[in-house]
Amino acid sequence: MTRLLTLGLDGAAWPTLERMMDDGLLPNLNAMVESGARGTLTSVTPPVTCPAWRCSTSGKNPGKLGVYWWLGLDRERGEITAPDARDFDTADVWDYLDAAGEHPAVVNVPMSYPPAPVDGLLVSGFGAPFELSMDDPLTHPPAAEERLREEYDWSVGVDDVTAPGGVDDALTLIESRLELLLDLVESDDYDYVHLTVFYLNVLQHYFGGGEETERAWQIVDDYLGRLPDGLTVLAYSDHGHSDVERTFVVNRYLLDEGYLHLKERAADDATAAAYELLKRGPVSPQRVASAARRVLPDSLAERLLTSGYPIPTVELAERVDWERSDAVALSQGPLYLNRERLGDDYERVRAELRAELDSLTVKGRTPLSSVRSAEDVYDGAHLDAAPDLLLSPTDGWELYGGVTPSLVEEQVTGWTSGNDPAGVVLCDGPDVAATDLGERDLVDVMPTVLRYMDCPVPTDVDGDAIAAAFDRLPEPGTRDPLPPAGERTATDRDGLEDRLEDLGYLA
């Protein structure tokens, strides 16, 4: 019988869950809260699905993993890069359980493709190509993929949850994950089971706490009620969510202040004016292109599309003049400096830019809650590859890494809810002590799992086990770290970029 289930609820936040519990929509989750141990789980910086889930499964901060966001920047070439599982310089909880003779089943962890070999089951999550072949299997062992497709109508993701039928497709996908979960925990094949429910996060981005998101949570709650008695459950999220009211366009600031230069196109000025006109309507700038074709003369519409306003994050590498630029930002907080160009002026420019951004106000508003240097946020062997500055938004703001003609926007990505550092942690089961866990860190999850399973904890983890949640947690000691399961490698990023752009991360 499965001894421990960890249930990943991507983007879950207590304010939203508490409202639904108060409304009687989540009776099973409410029962777990009343009998179990709960707390706030603080995410990594920035609090984003990638790399947050792999931080939770490795117990390490991004500086030890070498991945900081959905995309990174190769400073020497001025190129944007995209990671896959092999770019995370770490072994994960499933590797250590496998080494200890346990049999894990790990399903749907984002950025776990391609899957690592384990004596159990590993099903890759978001970050895997939507179209797969047996040459590039979704699962380990590879034969499990056919079973998933036949028995659970398995698919990696949904193209667009805002399209007609998109919400229903997402709900069906969530159900397929939970159906597999029930079968895994009720079998005798796996000592430890993990499932991440990723599309909870996607629905929240576009619909906030609305009816669409409530339907998804009610499905999760229904399956919580079907879990077998006597199972210990550790449910947690990689980050929380909070409302988005306005957007700070970081690269517009860098352009205006001379830190960033774009390769100019002849139509930029005229199409910027057209963009400003179009965005006044009830449509996000990412949909301006389709609107342009309907309301502008063909010649001007074509110029608008050619210049590309808004310039999405995914196209930055094509438009940034890296030889003339000192800095460029990606969405959700990472900001990179051109160290080779700056040379001996690097530290001076970084300090000046940090001070400027830290004191910035726009029309009396403060878009940034903090601006920190990489060494104040991370530590590890990959610190040198980290963003030079980490920007965190003030409540109600999101940070956009594309380019628009305006410094402040109301809707760029179309998101109504953005990532917040405050996630959730909830433990329930026969060996759980009902208590308030206070604030814990995302990296605490991995050592908690290993100690619960009586497996030694590697000496290179940053987290500490959440011992207060349990009547007794084994103390199996420590062990030397395992090497990463895969080799770090340059990979084709087109497929991942397409998926991220569809979800609004790279709009």
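Since the structure is predicted, the reported quantities are computational estimates derived from the model, not experimental observations.

Thresholds applied
- Residues numbered from 1 in each chain as written.
- Predicted model: local features only at pLDDT ≥ 70, side-chain atom pairs only at ≥ 80, totals over all residues.
- Heavy atoms only, no water.
- Helix = DSSP H or I, 4+ residues; strand = E, 2+ residues; numbered from the N terminus.
- Buried < 20%, exposed > 50% of the residue type's maximum accessible area, 1.4 Å probe, protein only.
- Contact = heavy atoms within 4.5 Å.
- Areas by Shrake-Rupley, 256 points an atom, 1.4 Å probe, with all protein chains shown as cover.
- Phe/Tyr/Trp six-rings, centres within 6.5 Å; stacked < 30°, edge-to-face > 60°.
- Lys NZ or Arg CZ within 6 Å of the ring centre and 35° of its normal.
- Salt bridge = Lys/Arg side-chain N within 4 Å of Asp/Glu carboxyl O.
- Core = buried A, V, L, I, M, F, W, Y, C linked by side-chain atoms within 4.5 Å.
- Pairing = 2+ DSSP bridges.
- Axes fitted to C-alpha atoms, helices over the stretch in contact; angles between N-to-C directions.
- Parallel < 35°, antiparallel > 145°, perpendicular 65-115°, else oblique.
- Nonpolar A, V, L, I, M, F, W, Y, C, P; charged D, E, K, R; others polar.
- Polar contact = N/O pair within 3.5 Å; in protein donor to acceptor, adjacent residues only side chain to side chain.

**A closer look at the overall build of the chain**
Argument step 1. Along the backbone of the chain there are 19 helices and 22 strands.
Argument step 2. Put simply, the chain has 507 residues, and 59% of those count as buried.
Argument step 3. Of the contacts made within the chain by residues no fewer than 6 positions apart, 73% connect residues no fewer than 24 positions apart.
Argument step 4. In the structure as shown, the chain presents an accessible area of about 19700 Å², 44% of it carried by carbon and sulfur atoms.

**Some words on the packing of aromatic side chains**
Argument step 1. On inspection of all chains with the given rule, the structure shows seven aromatic pairs.
Argument step 2. Consider the rings of W70 and F126, whose centres lie 5.6 Å apart with planes at 80 degrees: the pair is edge-to-face. In this pair, W70 is assigned in the loop between helix 4 (62-65) and strand 3 (72-74) and F126 in the loop between strand 6 (121-124) and strand 7 (139-140), connecting sequence segments 56 residues apart.
Argument step 3. Judged by relative accessible area, W70 falls into the buried class, the value being 0%.
Argument step 4. With 5.4 Å between their ring centres and 50 degrees between their planes, Y452 and F470 make a pair best called tilted. Highlighted residues: Y452 in helix 18 (residues 445-452) and F470 in the loop between strand 21 (457-458) and strand 22 (478-479), separated in sequence by 18 residues.
Argument step 5. When the ring centre of F88 is taken as reference, the NZ or CZ atom of R54 above it lies at 4.4 Å.

**Looking at the pattern of salt bridges**
Argument step 1. Taken as a whole, this structure holds 29 salt bridges when the rule is applied.
Argument step 2. A salt bridge links R215 to D168; the nearest nitrogen and oxygen atoms lie 2.8 Å apart. Remark: D168 occurs in helix 7 (residues 166-186) and R215 occurs in helix 9 (residues 211-224); sequence separation between them is 47 residues.
Argument step 3. Given the relative accessible area of 41%, D168 is considered partly exposed.

**Some details on the environment of V202**
Argument step 1. Inspection of the secondary structure puts V202 in helix 8 (residues 199-207).
Argument step 2. For V202, a relative accessible area of 1% gives the class buried.
Argument step 3. The sequence separation of V202 and D160 amounts to 42 residues, and the corresponding C-alpha distance is 9.6 Å.

**So, the nonpolar core**
Argument step 1. The biggest cluster of nonpolar side chains holds 146 residues, and the ones touching the most others in it are L17, L335 and L353.
Argument step 2. The biggest single contributor to this core is helix 7, with eleven residues.
Argument step 3. The contacts of L353, once residues within four sequence positions are left out, are Y253, L254, Y259, A327, L335, L337 and L389.
Argument step 4. If you look at the next biggest cluster of nonpolar residues, it comprises five residues, including A374, Y378, A386 and L390.

**Observations regarding the sheet that holds strand 19 (residues 422-428)**
For sheets, the rule is that strands pair by backbone hydrogen bonds, running either parallel or antiparallel.
Argument step 1. One open sheet accounts for nine strands, arranged 7-6-5-8-1-9-19-2-20; its pairing is mixed. If you trace the sheet from one side to the other, it starts and ends with strand 7 and strand 20 (436-441), each paired once.
Argument step 2. In terms of strand pairing, strand 1 (residues 4-9) meets strand 8 (residues 192-197) through six bridges, oriented parallel. Bridge assignment links L9 to a residue of strand 8, and that residue is V197.
Argument step 3. Against the sheet, helix 1 (residues 14-22) contacts strand 2 (37-42) and strand 19, and its axis sits at roughly 55 degrees relative to strand 19.

**Comments concerning the packing of helix 2 (residues 27-35) against helix 9**
Argument step 1. At a closest axis distance of 7 Å, the pairing of helix 2 and helix 9 adopts a crossing angle of 60 degrees. If you check the angle between helix 2 and helix 9, you find them oblique. Where helix 2 approaches helix 9, its residues P27, N28, L29 and M32 are matched on the opposing element by D221, D222 and L224.
Argument step 2. Partitioned by chemical class, the residues of the contact of helix 2 with helix 9 number four nonpolar, one polar and two charged.

**A short note on the sheet that holds strand 13 (residues 334-337)**
Argument step 1. One open sheet accounts for four strands, arranged 12-13-15-14; its pairing is antiparallel. A strand with exactly one partner marks an edge of an open sheet, and here the two such strands are strand 12 (327-329) and strand 14 (368-373). Strand-to-strand, the axes of this sheet are offset by a mean angle of 20 degrees, without reference to chain direction.
Argument step 2. Bridge analysis of strand 12 against strand 13 gives three bridges, and the strand direction is antiparallel. By the bridge assignment, A327 is partnered in strand 13 with L337.
Argument step 3. Seen against the sheet, helix 16 (residues 346-358) touches strand 12, strand 13, strand 14 and strand 15 (389-393) and runs at an angle of roughly 165 degrees to strand 14.

**Some remarks on unusual backbone geometry**
Argument step 1. In this chain, T45 is followed by P46 through a cis amide linkage whose omega measures -10 degrees.
Argument step 2. With respect to the element layout, P46 can be found in the loop between strand 2 and helix 3 (49-58).
Argument step 3. With an omega of 20 degrees, the peptide bond running from C50 to P51 counts as cis.
Argument step 4. Secondary-structure assignment places P51 in helix 3.
Argument step 5. Look at Q332: it is not a glycine, yet its phi comes out positive at around 70 degrees.
Argument step 6. With respect to the secondary-structure elements, Q332 resides in the loop between strand 12 and strand 13.
Argument step 7. A positive phi angle is found at K363, which is not glycine, with a value near 55 degrees.
Argument step 8. Along the chain, K363 turns up in the loop between helix 16 and strand 14.
Argument step 9. Residue K363 is classed as exposed on the basis of its relative accessible area, which comes to 80%.

**Notes on the side chain of N419**
Argument step 1. Within the fold, N419 resides in strand 18 (residues 417-420).
Argument step 2. Polar contacts involving the side chain of N419 include one to the main-chain carbonyl oxygen of P47, which spans 2.7 Å.
Argument step 3. Of note is the side chain of N419, whose polar atom sits 3.4 Å from the side chain of H239.
Argument step 4. The contacts of N419, once residues within four sequence positions are left out, are P47, V48, T49, N201, H205, H239, G240, H241, S242 and Q332.

**Considering the pairing of strand 19**
Argument step 1. Most of strand 19 sits out of view: six of its seven residues are buried.
Argument step 2. Sheet topology note: the strand 2/strand 19 ladder contains six bridges and is antiparallel. Within the sheet, the bridge partner assigned to R38 lies in strand 19 and is L426.
Argument step 3. Direction of pairing for strand 9 (residues 232-236) relative to strand 19: antiparallel, over a ladder of four bridges. Paired with V233 across the strands is D428, a residue of strand 19.

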